[in-house]
Amino acid sequence: MNKTIDLNKYTEFVNAITAGPANDLTAFMNACDRLDANYELFEGETEMRHGPDVNVPLVLNSAMGMCGESGEFSEIIKKVVFHGKPYTEEIKAHAIKELGDVIWYWTNACRALGVDPNEVIERNVTKLSDRYPGGEFDPHYSENRKHGDI
């Protein structure tokens, strides 16, 4: 099958289905302001009420930082696994530094959301324990999750 794709038409399609705050600075700033004030209309309610506090600049920086540092960690592993680079103590030390950067941003994300990092880990253990009732990985439970298990 040899099908020509018009990248300009695809770009128009992508633009049309991209959320406003990703396309427009004013819409982005309004979304940040809305999150900073964090007043919202909850389902079934008629009055706005205040949701949990979030440090908007810190959460954005943390999300982007985790992605960047995770990418740097992944790049190290990719080069060892797929490019044949030897796994040395120096490579291990570099990987550890990048993991440290990931957790630094992760900790800032916890701060931005006002959550105790220990609570995040506790909830993760609970979620995974519920998902894998036998106490070990099972592909069935990985692919067939209970309602609400995201």
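Preceding block: the structure.
Residues numbered from 1 in each chain as written. Predicted model: local features only at pLDDT ≥ 70, side-chain atom pairs only at ≥ 80, totals over all residues. Heavy atoms only, no water.

Novice: I'd love a proper account of a nonpolar patch on the surface, names of residues and values included.
Specialist: A contiguous nonpolar surface patch, about 640 Å² in accessible area, is contributed by Ile5, Leu7, Tyr10, Phe13, Val14 and Ile17. Note that Val14 resides in helix α1 (residues 7–16). (Patch = residues over 30% accessible without salt bridge, like charges linked within 9 Å, V, L, I, M, F, W, Y side chains within 5 Å. Areas by Shrake-Rupley, 256 points an atom, 1.4 Å probe, with all protein chains shown as cover. Salt bridge = Lys/Arg side-chain N within 4 Å of Asp/Glu carboxyl O. Helix = DSSP H or I, 4+ residues; strand = E, 2+ residues; numbered from the N terminus.)

Novice: Describe the state of the cysteines, and please don't skip the residues or the numbers.
Specialist: Applying the stated rule across the entire model yields 0 disulfides. Cys110 provides the cysteine sulfur closest to Cys67, a residue in no disulfide bond, and the two sulfurs are 15 Å apart. Relative accessible area serves as the criterion here: at 59%, Cys67 is assigned to the exposed category. Note on Cys110: relative accessible area 3%, which makes it buried. (Disulfide = S-S within 2.5 Å. Buried < 20%, exposed > 50% of the residue type's maximum accessible area, 1.4 Å probe, protein only.)

Novice: So what's going on with the packing of helix α4 (residues 56–82) against helix α5 (residues 89–113)? Which residues, and what values?
Specialist: Axis separation between α4 and α5 bottoms out at 8 Å; the angle between their running directions is 160°. As judged from the angle between their axes, α4 and α5 are roughly antiparallel. In the crossing of α4 with α5, the sense of the turn from one axis to the other is left-handed. Residues that form the contact of α4 with α5 fall into these classes: 15 nonpolar, 6 polar and 5 charged. (Axes fitted to C-alpha atoms, helices over the stretch in contact; angles between N-to-C directions. Parallel < 35°, antiparallel > 145°, perpendicular 65-115°, else oblique. Left-handed = near helix turned anticlockwise from the far one by under 90°. Nonpolar A, V, L, I, M, F, W, Y, C, P; charged D, E, K, R; others polar.)

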